[in-house]
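Here is what each chain is made of, one letter per residue.
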Amino acid sequence: KIYFVSDAVKQMLAADGKGQLHTVHAGVKTFEKNSTKGDIFDFRLRQEGVPFLLPYMTKRILRLDAVDFKRLIEKHAMIMDDLKTPGAKEEIKAMAGGCVLFVLNSTLYQGINSVFLSGWRGSMQLTLFVSKFEAQALASKVTESQEDSAENMVPKIGDEAASVEAKN
């Protein structure tokens, strides 16, 4: 297991040259040994470590619309060919098998507030590495995101009046 720790904790652990400090846990799990033999990656991404790694991640990210994201949360797995998000099917098929981060496409949740799920890209299937409890907690954010998208698509009465005035 690989843990993410602050510089202060790192210095404290490094200062114990004689091994007298007995540490049970220090930091946040970011990666865990992949138990599958013969895979490309020796380690897989842990959900609790993603907030610390997300600012540095540029690859192995798949942005999904709320429909696909919600389905992943509900089923914990889905066939790649069932993806509805435009371009997602091609993007995931271009990636090699291994860990992947699923990020919700949302105007409501962006940047450090992104909603994400750590998972795995198999030969034909996408699988989550998230507990059912965590998935249930994230499901409410997906529902909020869907409601926000629906509100933005429906023109408001004031918006219609403004667009009529702009045309005249």
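Small disclaimer: the values here were computed from a predicted structure and weren't measured. Here the residue numbering is sequential within each chain, running from 1 through the sequence in written order. Two thresholds apply to this predicted model, a pLDDT of at least 70 for residue-level local features and 80 or more for giving and counting side-chain atom pairs, whereas whole-chain, interface and lining totals are computed over all residues. Side-chain numbers here rest on the full set of heavy atoms in the structure, without hydrogens or water.

> Account for the overall build of the chain, with residues named and values stated.
The helix and strand inventory of the chain stands at six helices and eight strands. Seen in sequence order, the chain has helices and strands lined up from the N terminus as β-α-β-β-α-β-α-β-α-β-β-β-α-α. Working definition: with a 1.4 Å probe on protein chains only, accessible area under 20% of the residue-type maximum means buried, over 50% means exposed, and in between means partly exposed. Out of the 168 residues in the chain, the part that is buried amounts to 33%. Contacts between residues were defined by any pair of non-hydrogen atoms, one from each residue, lying within 4.5 Å. A separation of at least 24 residues holds for 59% of the contacts in the chain among residues at least 6 apart in sequence. Accessible surface area values rest on a Shrake-Rupley calculation with a 1.4 Å probe, where residue burial reflects the displayed protein chains alone. Carbon together with sulfur atoms contributes 56% to the accessible area of the chain, which is approximately 11000 Å² in total. For the purposes of this entry, the term helix denotes a DSSP run of H or I that reaches at least four residues, the term strand denotes a run of E that reaches at least two, and both are numbered from the N terminus.

> Let's hear about the sheet that holds strand β4 (residues 61-64): which residues, and what values?
Paired strands, as defined in this entry, are two strands with at least two bridges between them according to DSSP. Spatially, the five strands line up as an open sheet ordered β4-β6-β7-β8-β5, and their pairing is mixed. Every interior strand has two partners, whereas the edge strands, β4 and β5 (77-79), have only one. Shown here is a sheet whose adjacent strand axes are inclined to one another by a mean of 30°, direction ignored. A fitted line through C-alpha atoms represents every axis, and for helices the fit uses only the stretch in contact; the resulting angles, taken between N-to-C directions, go from 0 to 180 degrees.

> Help me get a handle on helix α3 (residues 66-75), residues and values and all.
Looking only at α3, the buried set comprises A66, D68, F69, L72 and I73. The buried residues of α3 occupy an angular sector of 170° when projected down its axis, which confines them to one face. Across from the buried face of α3, at angles greater than 90 degrees, the exposed residues are V67, E74 and K75. Count one or two residues on from α3 and you reach H76, which has phi positive near 70°. Summarising the geometry, the arc corresponds to the directions from the helix axis toward the C-beta atoms.

> Can you lay out the pairing of strand β6 (residues 98-104) for me, pointing to particular residues and giving the numbers?
Of all seven residues that make up β6, seven are buried, and the element is covered over most of its length. Strand direction decides the pairing type here: β4 and β6, joined by four bridges, are parallel. Looking at β6, one finds that L64 is bridged to L104. Summarising the sheet, β6 and strand β7 (residues 116-121) pair through six bridges and their orientation is antiparallel. From the neighbouring strand, F102 faces β7, where its bridge partner is L117.

> Summarise the pattern of salt bridges; cite the residues concerned and give the values.
Salt bridges, as used here, are contacts in which a Lys or Arg side-chain nitrogen is within 4 Å of a carboxyl oxygen on Asp or Glu. The full count for this structure, using the stated rule, is five salt bridges. Taking the shortest distance from any N to any O, the salt bridge between R46 and E48 comes out at 2.6 Å. Looking at R46, the relative accessible area reads 16%, which means it is buried. With relative accessibility at 31%, the residue E48 sits in the partly exposed group. When the shortest N-O distance is used, the salt bridge between K93 and D81 registers 2.5 Å.

> Quick one: what's the story with the side chain of R44, residue by residue and with numbers?
In this structure, R44 sits in strand β3 (residues 43-45). Among residues more than four places away in sequence, those in contact with R44 are T30, F31, E32, N34, C99, W120 and F129.

> Tell me about a nonpolar patch on the surface, and please be specific about residues and values.
Each patch is built from salt-bridge-free residues with over 30% relative accessible area, joining like charges within 9 Å and nonpolar side chains (Val, Leu, Ile, Met, Phe, Trp, Tyr) within 5 Å. A cluster of nonpolar residues, M12, L13 and L21, forms a patch on the protein surface that exposes about 250 Å² of accessible area. Looking at the element boundaries, M12 is found in helix α1 (residues 7-15). A residue is classified by how much of its surface remains accessible, and M12, at 48% relative accessible area, is partly exposed.

> Requested: an account of unusual backbone geometry, with residues and values cited.
One non-glycine residue, R60, adopts positive backbone phi at about 65°. The exposure class of R60 is buried, given its relative accessible area of 18%. Notably, H76 is not glycine yet its phi reads approximately 70°, a positive angle. Note on placement: H76 falls in the loop between α3 and β5.

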